[in-house]
Amino acid sequence: MSSYATTDLCDAHPEVQVCDPVFQVFGGAVRFSGPLTTLKVFEDNTLIKQAVEQPGEGRVLVVDGGGSKRCGLVGGNLAASAATNGWAGIVVYGCIRDADELAEQPLGVRALAAFPRKSERGLHTGQVGLSVVFAGVTFHEGAWLCADSDGIVVLPEAP
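In this text, all values refer to a predicted model and were calculated from it rather than measured experimentally. (Residues numbered from 1 in each chain as written. Predicted model: local features only at pLDDT ≥ 70, side-chain atom pairs only at ≥ 80, totals over all residues. Heavy atoms only, no water.)

J.: If you had to explain the overall build of the protein chain to someone new, which residues and values would you point to?
T.: What the protein chain contains, in helices and strands, is 4 helices and 12 strands. Radius of gyration (C-alpha) of the protein chain: 14 Å, near the 15 Å computed for a compact globule of 159 residues. Dimensions of the protein chain, computed from the C-alpha atoms along their principal axes, are close to 45 × 30 × 25 Å. Here the protein chain holds 159 residues, and 49% of them are scored as buried. Of the contacts formed within the protein chain by residues at least 6 apart in sequence, a portion of 74% connects residues at least 24 apart. Accessible surface computed for the protein chain: about 7400 Å², of which carbon and sulfur atoms make up 50%. The averaged location of the 18 negative side-chain charges in the protein chain is 9 Å from the averaged location of its 11 positive side-chain charges. (Helix = DSSP H or I, 4+ residues; strand = E, 2+ residues; numbered from the N terminus. Rg over C-alpha atoms; globule rule 2.2 N^0.38 Å. Buried < 20%, exposed > 50% of the residue type's maximum accessible area, 1.4 Å probe, protein only. Contact = heavy atoms within 4.5 Å. Areas by Shrake-Rupley, 256 points an atom, 1.4 Å probe, with all protein chains shown as cover. Lys, Arg positive; Asp, Glu negative; His and termini not counted. Charge placed at Lys NZ, Arg CZ, Asp CG, Glu CD.)

J.: Describe the packing of aromatic side chains, listing the residues and the values that go with them.
T.: Using the criterion set out here, one finds 4 aromatic pairs in the structure. The interplanar angle of 10° and the centroid separation of 4.8 Å between the aromatic rings of tyrosine 93 and phenylalanine 134 together place this pair among those described as stacked. Taken as a pair, tyrosine 93 in strand β6 (residues 89-96) and phenylalanine 134 in strand β9 (residues 132-134) lie far apart in primary sequence, 41 residues in all. Judged by its relative accessible area of 24%, tyrosine 93 is partly exposed. Assessed through its relative accessible area of 4%, phenylalanine 134 is described here as buried. Members of the aromatic cluster, each reached through a chain of ring pairs, are Phe23, Tyr93, Phe134 and Phe139. (Phe/Tyr/Trp six-rings, centres within 6.5 Å; stacked < 30°, edge-to-face > 60°.)

Following this line, the structure appears as structure tokens:
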């Protein structure tokens, strides 16, 4: 759970990047923060599955799903794996599925929408650790992300 408020971070750090207000709140944790790890995928959640099966160590997984609303990239099983393995949260520029199951996990999740169709594994390749850009923000591997009811902010490092 984050002890920081995004509003306070914006006041104290004018240079903070603030995501456009395009994300919906999913997951059982409304507030979360941590260093971020990036993935770039498209309608294939293979790399997401691999990531959440690894120790999260309080990190936030930032997934550039290309803004696709044709399938859910994170569902109940992946959210449970992420929570079990110590991830603080997941931000998806795309959709989730199993919204009720995500709400039961002690994990912060933000996504554009919920959509019931699953992704197709093996359909596309993806990339790990690249800087990704969406919602008006550039997400760099290792930067620090904080999310709460007011939005999502990104700083170069933990405040």
